[in-house]
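Overview (structure and organization)
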Amino acid sequence: MKTCDEMVNSLLKRREQFFLKQKQKRRTAAKIASAGGCCALAAVIGTGIRHSVISSNRETVIPENSSVISENSFPATSEPENITPPSLDRSSVIWASSGADDNVGILSICEEVGAFKSFNGKVITRTLSEAFKEHDDSSVFAVAVFYFPYDESEDKDFVYNGKTLGEYERDWLKKWCKSMNMHLLRNNAEYLINGEEYYQNDYWAKLDYDKGIELLAEIPDLVAEYFVDGEFLSDEFHRDHDAAYEESQASYKIYEQAYNAWKISRFEEEIERLKALGVNCELRNSPDSFVIFVTKDELAKLTFDDSGHWIFGLARENDRDVLGWLINE
């Protein structure tokens, strides 16, 4: 059986893209945890929920590297040319309406035909694609640039309030693992409390019993701590169970703050590069996206590095930019 530290290390290595605004994911995780605890949830995170949801669109295949490197006037790896961005007339900029359908839900995003389009090697949203068709080539669009980094591109040494991003993540995962295992014990304690009397001659009840005992075998230390001389220390367990959950939630919020701070710093670096190439940009103090003001042809020429998935949508002028459940709370 893997120790919690080993499980944490495995999660850190396998976690390709873990989402920041995860209210929906946490609800899903809770359901999975009720069946199989930390081990089952680890498998879900290992597959990369964000990556699987985006990639499952049936009409557009998002490549592993969704940036494109080609010969053009905006190479991602070239030395900055320190070109002053042109004066921007914001009154003529094309923005998305508040009701733009880039904000598709978690259940529909996989089934929504055409939710994403391919554009010169980039992945763009349907709303942006339609805006390109509706306006002439000289139009300037407010393009929201969404970034989903690969795990290995995250700067684990990024310091936020005196601790590194890697330290925040490890602390949260340890507390989360403990909380999930406490949840596992809570959901299966009745099998140990009742023993074989739980199922007697009931075939289906015995299957549940055998599965529960198998799961409890994964957490022998917790079982030994709360089952003493055959008695379940119920009050003590439920107190500790609630405390572990609260600690996990609090730790995640702090980790999320650190992760978002790193993400914004990543946007600041990208904006500096683009401005040096003569591109008007806007940072919105958001870990979700930043905005560039470009024509259709200019976006086609832009390149981005291969540190993750870059997705482009039509930004909203006065609202938070969203990209389905992946961003939206």
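Everything in this summary refers to the structure shown in the same document. (Residues numbered from 1 in each chain as written. Predicted model: local features only at pLDDT ≥ 70, side-chain atom pairs only at ≥ 80, totals over all residues. Heavy atoms only, no water.)

Here the idea is simple: oppositely charged side chains can pair when their charged atoms come close. Tallying each qualifying case throughout the model produces 10 salt bridges. Close ionic contact of R90 with E282 constitutes a salt bridge, the shortest N to O distance being 3.0 Å. Here R90 is found in the loop between α3 (49–55) and β1 (116–119), whereas its partner E282 is found in strand β8 (residues 280–282), with 192 residues between them in sequence. Under the relative-accessibility criterion, R90 is labelled partly exposed at 39%. Residues joined in a network through salt bridges with shared partners are R266, E270, R273 and D305. (Salt bridge = Lys/Arg side-chain N within 4 Å of Asp/Glu carboxyl O. Helix = DSSP H or I, 4+ residues; strand = E, 2+ residues; numbered from the N terminus. Buried < 20%, exposed > 50% of the residue type's maximum accessible area, 1.4 Å probe, protein only.)

Before going further, it helps to spend a moment on the environment of I94. Residue placement: I94 occurs in the loop between α3 and β1. Here the alpha-carbon distance between I94 and F132, two residues 38 residues apart in the chain, equals 9.8 Å. For I94, the contacting residues outside a window of four places in its chain are H135, S139, V140, F141, A142 and L314. (Contact = heavy atoms within 4.5 Å.)

Here the focus is the side chain of N280. Of note, N280 is situated in strand β8. For N280, the side chain forms a polar contact with the main-chain oxygen of P86, separated by 2.8 Å. Leaving out residues up to four positions away in the same chain, N280 has contacts with P85, P86, L88, V291, I292 and F293. (Polar contact = N/O pair within 3.5 Å; in protein donor to acceptor, adjacent residues only side chain to side chain.)

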